2 protein chains.
Amino acid sequence: MDTYSFTKSQELFVRAAKVIPCGINGHFSPAMLVPPTSYPFYAERGRGARFTDVDGNELIDYTCAYGPMVLGYNNEVVDEAAARQREAGDTMGAPGPVMVELAEKMVDMLPFAAWALFAKNGGDVTSYALMVARAATGRKKIVAIQGGYHGVAAWMQGAGHHGVIDADVENIVRIPWNDVAAFVRVLAENPGQIAGFIATPYHHPTFADSELPDQGYWESIRELCDKHGVVLIVDDVRCGFRLSLRGSAEFFGFTPDLACYCKALANGYPISALVGSDALKGAAAKVFFTGSYWYQAVPMAAAVACLDELVRLDAPKRMQDFGRALTGGMQRLADKHGYELRVSGVPSMPYLRLTDDPSLMLHQRFCSECTRRGAYFTSHHNWFMSCAHTQEDLDRTLAIVDDAFAALEKSPEGQGGS
Amino acid sequence: MDTYSFTKSQELFVRAAKVIPCGINGHFSPAMLVPPTSYPFYAERGRGARFTDVDGNELIDYTCAYGPMVLGYNNEVVDEAAARQREAGDTMGAPGPVMVELAEKMVDMLPFAAWALFAKNGGDVTSYALMVARAATGRKKIVAIQGGYHGVAAWMQGAGHHGVIDADVENIVRIPWNDVAAFVRVLAENPGQIAGFIATPYHHPTFADSELPDQGYWESIRELCDKHGVVLIVDDVRCGFRLSLRGSAEFFGFTPDLACYCKALANGYPISALVGSDALKGAAAKVFFTGSYWYQAVPMAAAVACLDELVRLDAPKRMQDFGRALTGGMQRLADKHGYELRVSGVPSMPYLRLTDDPSLMLHQRFCSECTRRGAYFTSHHNWFMSCAHTQEDLDRTLAIVDDAFAALEKSPEGQGGS
């Protein structure tokens, strides 16, 4: 199987590094991709589940833009709804009527939601959720999960990160995932001081296996929140609409007070949402929350169309099925080649790694060998499935995986190889 | 002159209030518009300097979507550049090459800028600027201006606002605008502790006159920052590119270390930028900074096209000229009708109020009478000029103003009226 080269990506990155700190900053940074010469850095165009990079390589994309792509790049249904709204108007002197339509739709879809508010970033709504919890309770402290990611605001990044000061994090109490006893302990040690508990529906850190909630975990957290008047915030930014169209909390059998949505909401059009219970509507109204582009009508029209498509396609089942077929097929190929591939998380957002590889070097090589053959795999982050991934994509991906394992076998230490 | 009614806006708002806290939240909230029955709440479509609301009323828009509209609604040049990029791809598995092009363009245009980074909200880049200043200096405290607005993060909103806790603001020291002595005092009281100084290029609070920098103000601030190793951050979100295409700091004759851009950058497409000096590039690279849609290529393509158009049109001069003609004409009409209209700030972003009106009730009535006749004026916020406002818009607006003053004269206390 021929392998790609990424020389134009490399050249453009050299130009970028002169005028952009890190060349590419944040979660798209090539610093996470090992070896970086095996990865595309710049996308020229996208269609369906694939994008073509600046070197002309076509890649089956399992990052899905790290989540936003849920129906396929340049999805016609969403793009047409967006185009109709754009032809009328986008960022205007007043919001479009579609803002009301979208709020009504989210309230209809999400059983616990009495209201919705819109912003741009996932981090806009996680930060706002904390402020609503504090406004509602008159308390300061927030319990969060060790290694949990909620965005880049200083409170989220945590102590020791560059630019974060003690005051940013002194009211954030981190406890391990799945540790009800730790929450009980924190509640006892901080009587009447805990405003909110924030976590993702299941634990999906980077560079580590995902962990589902233990049996009864969320039930216990919900009970403790009720007992102590704590606002239960679910950060559904990453897995929202990839587990259930009624919210990931419903999937795991519990009811949050606030939930944050973003990535899969509008198939890449920039919008996030906070939804909440009726009891918190007054607190939400009190906290000032706004941004220059938050009334932009096009992403709202795109979100309405995207949610309708997700319903029409029974999207979570479709993505779970595809994820199962992909990771199952990959595990069989790993077995054939004498490797063990560990799959964690949920099938629509699997985290994969080769076992007996504590340095992750083998898994990194595996992902890079797949990417060089046209299946864009990241080694440190959960992948995302979309409704646009086809049987042809699956067949092609499994052929790539087979060939990549063969390349690993030929050169297990990374010398030479393909 | 016929006056508009806004019944469909009112009806839609009633529906909205059921599913959105405040009905419309944030700076678009009708809570600021007095009386609210005289204002459009929802925009159906926009063209040039005008939008048409859900009641079919056409309004000459002096909010310009509170800043983002700088070339006119549905500007063909920007929209075509955006459409070309969209046809290729938007939010993809990697950034588009246009990210590099845009960074190079901003570095070229802004004389102090050695690099640029992109986000969505103005508040993304003001928060990030603080983190960069703290990372660069190893210090905690930030000096900001009383009444200065930098977004909705808790540190910006200030003590006493709903959802804000002491720890959010304990390292933000607020001093009055134009008060060099206060900055000297804060530096003396906090030796080696001040990481950054953040302010807008001139002071443009809400519900109060704008204030330009005193002669020598910025020169003194720059000197003090240099002497004490303080990072000078200019929040150019609101007036960026409406004063100078080389940055508002250049307009006022000083050089910042970091500057924040947003509103006028892409004519309503959602993007913000932090630009900075070469000395801070390393600190900027260290602070983790990212978001789900920050690599979206369409707003970057729109920004490139928008900046080119701003250059081609000599946009700041054009907006300053229009603003002078508008406010000068309005002052002459005020005089004719026996009122005094005070104009402050800069002509491209004027803040207006009728004098001898401490409760602002008369000015609020004046703005509502104008809006009911088709010139959308807000009473509490500076207005924005755009390159799309035409001589016809000006003539029509002045006719409206004349008629509105006549209505005020007929019913100075607000009883009856038009």
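About the cut-offs
Residues numbered from 1 in each chain as written. Chains lettered and ligands numbered in written order. Predicted model: local features only at pLDDT ≥ 70, side-chain atom pairs only at ≥ 80, totals over all residues. Helix = DSSP H or I, 4+ residues; strand = E, 2+ residues; numbered from the N terminus. Rg over C-alpha atoms; globule rule 2.2 N^0.38 Å. Buried ≥ 20, exposed ≤ 12 C-beta atoms within 10 Å, placed from the backbone. Contact = placed C-beta atoms within 7 Å. Pairing = 2+ DSSP bridges. Axes fitted to C-alpha atoms, helices over the stretch in contact; angles between N-to-C directions. Least-squares fit on C-alpha atoms with pLDDT ≥ 70 in both. Domains from an automatic or database assignment. Nonpolar A, V, L, I, M, F, W, Y, C, P; charged D, E, K, R; others polar. Parallel < 35°, antiparallel > 145°, perpendicular 65-115°, else oblique. Left-handed = near helix turned anticlockwise from the far one by under 90°. pLDDT = per-residue confidence, 0-100. Expected span 1.5 Å × (residues − 1). Arc of directions from axis to C-beta.

Q: How would you summarise the overall build of chain A if you had to cite specific residues and measurements?
A: In terms of regular secondary structure, chain A is built from 14 helices and 13 strands. For chain A, whose C-alpha radius of gyration is 22 Å, the value lies close to the compact-globule estimate of 22 Å for 418 residues. Across its three principal axes, chain A shows a C-alpha extent of roughly 60 × 55 × 45 Å. Counting every position in chain A, which comprises 418 residues, the buried fraction comes to 62%. Once local pairs closer than 6 in sequence are excluded, the contacts in chain A between residues at least 24 apart make up 74%.

Q: Go over the sheet that holds strand 10 (residues 272-276) of chain A with me, naming the residues and quoting the values.
A: Residue and element names in this part refer to chain A. Across the sheet, which stays open at both edges, the seven strands sit in the order 4-10-9-8-7-5-6 with mixed pairing between neighbours. Each edge of the open sheet is held by one strand with a lone partner, namely strand 4 (115-119) and strand 6 (172-175). Sheet twist, expressed as the mean angle between neighbouring strand axes with direction ignored, is 20°.

Q: Before we move on, could you go through unusual backbone geometry and cite the residues and values that matter?
A: The omega angle of the peptide bond from A:Val34 to A:Pro35 is -15°, so this bond is cis rather than trans. Checked against the element boundaries, A:Pro35 lands in the loop between helix 1 (7-19) and strand 1 (43-47). Even without glycine at this site, B:Cys64 takes up a positive phi of about 50°. Mapping B:Cys64 onto the fold places it in the loop between strand 3 (58-61) and helix 2 (76-88). A positive phi is found at B:Asn178, a non-glycine position, where the angle reads about 65°.

Q: Describe the relation of the copies chain B and chain A, with residues and values.
A: Once turned by 180° and shifted 0.0 Å along the axis, chain B lies on chain A with an RMSD of 0.0 Å. Look at the turn and shift together and you get a two-fold axis relating the two. Within chain B, B:Ala167 has its C-alpha nearest the rotation axis, a separation of 2.6 Å. Same-surface contact between copies: 100% of interface residues of chain B are shared with the interface of chain A.

Q: Go over the sheet that holds strand 13 (residues 375-376) of chain B with me, naming the residues and quoting the values.
A: Residue and element names in this part refer to chain B. Spatial strand order, 1-2-3-13: four strands in an open sheet with mixed pairing. Every interior strand has two partners, whereas the edge strands, strand 1 (43-47) and strand 13, have only one. Relative to strand 3, strand 2 (residues 50-53) runs antiparallel, the two sharing three bridges. Within strand 3, the position partnered with arginine 50 by the bridge is isoleucine 60.

Q: Outline the domain arrangement of chain A, supporting the account with residue identities and numerical values.
A: Interfaces are often described in size by the accessible area the parts lose on coming together. Residue and element names in this part refer to chain A. Each domain of chain A was delimited in the assignment, giving domain 1 (7-71 + 316-327 + 344-386) and domain 2 (76-312). Between domain 1 and domain 2, the C-alpha centre-to-centre distance is 25 Å. Taken residue by residue, the interface counts 17 residues in domain 1 and 20 residues in domain 2. At the level of elements, helix 12 (315-336), strand 11 (341-346) and strand 12 (349-354) are the ones that each hand at least two residues to the side of domain 1 that touches domain 2. A per-element tally of the side of domain 1 that touches domain 2 places strand 11 first, with three residues. For the side of domain 1 that touches domain 2, the residue count by class is ten nonpolar, seven polar and no charged.

Q: I'd love a proper account of the environment of B:Pro213, names of residues and values included.
A: Residues and elements named next belong to chain B. Relative to the elements of secondary structure, proline 213 occurs in the loop between strand 7 (194-199) and helix 8 (217-228). In the structure, proline 213 is positioned 83 residues away from leucine 130 in sequence and 22 Å away in space, judged by C-alpha atoms. Sequence-distant contacts of proline 213, defined by excluding residues within four places in its chain, comprise Asn178, Tyr202, Trp218 and Phe252.

Q: Lay out the packing of helix 12 (residues 315-336) of chain B against helix 14 (residues 391-410) of chain B with the relevant residues and their values.
A: Residue and element names in this part refer to chain B. The N-to-C vectors of helix 12 and helix 14 enclose an angle of 25°; their axes lie 10 Å apart at closest approach. Considered as vectors, helix 12 and helix 14 are oriented roughly parallel to each other. Regarding helix 12 and helix 14, the two cross each other, and that crossing is right-handed. Residue-level inspection shows Ala325, Leu326, Gly329, Met330, Leu333 and Ala334 of helix 12 in contact with helix 14, the latter providing Leu394, Thr397, Leu398, Val401, Asp402 and Phe405. Grouping the constituent residues of the contact of helix 12 with helix 14 by class yields nine nonpolar, two polar and one charged.

Q: Describe in detail the confidence of the model for chain A, supporting the description with residues and values.
A: Of the residues in chain A, 99% reach a pLDDT of 70 or more, and the chain-wide mean stands at 96. Among the prediction metrics, the complex's ipTM stands at 0.97, with pTM recorded as 0.97.

Q: Now, about the interface of chain B and chain A: what can you tell me, with residues and values included?
A: Listed per partner, the contact involves 89 residues of chain B and 89 residues of chain A. Those elements that provide at least two residues to the side of chain B that touches chain A are helix 1 (7-19), strand 1, strand 2, helix 3 (98-109), strand 4 (115-119), helix 4 (122-137), helix 5 (154-157) and helix 10 (281-286) of chain B. With eight residues, the top contributor of residues to the side of chain B that touches chain A is helix 4 of chain B.

Q: Please provide a residue-by-residue account of helix 14 (residues 391-410) of chain A, values included.
A: All names here are of chain A. Helix length check: helix 14, at 20 residues, gives a terminal C-alpha distance of 29 Å against a target of 28 Å (1.5 Å per residue), a fit within 8%. Three or more residues of helix 14 are buried, namely Asp393, Thr397, Ile400, Val401, Ala404, Phe405, Ala407 and Leu408. Take helix 14 and look down its axis: the buried residues cluster within an arc of 155°, on one side only. Exposed positions of helix 14 whose direction lies more than 90 degrees from the buried face are Gln391, Glu392, Asp395, Glu409 and Lys410. Residues of helix 14 that are buried make contact with strand 3 (58-61), helix 12, helix 13 (361-371) and strand 13 (375-376).

Q: Give me the lowdown on the environment of B:Arg134, citing residues and values where you can.
A: Examined against the element boundaries, B:Arg134 turns out to sit in helix 4. On the basis of neighbour count, B:Arg134 is assigned to the buried category, with 25 C-beta atoms found within 10 Å. Along the primary structure B:Arg134 and B:Val230 are separated by 96 residues, whereas in three dimensions their C-alpha atoms are 9.7 Å apart. For B:Arg134, the residues in contact, after removing those within four places along its chain, are A:Gly163, A:Ile165, B:Arg139, B:Lys140 and B:Ala195.

Q: Explain the packing of helix 2 of chain B against helix 11 (residues 297-312) of chain B residue by residue, including any values.
A: All names here are of chain B. Interhelical geometry of helix 2 versus helix 11 gives an angle of 150° and a closest axis separation of 8 Å. The angle between helix 2 and helix 11 falls in the class roughly antiparallel. For the pair helix 2 and helix 11, the crossing hand works out as right-handed. Note on element contacts: helix 11 touches helix 2 through Ala297, Val298, Ala301, Ala302, Val304, Ala305, Cys306 and Glu309, opposite Val77, Val78, Ala81, Ala82, Arg84, Gln85 and Arg86. Considered class by class, the residues forming the contact of helix 2 with helix 11 number eleven nonpolar, one polar and three charged.

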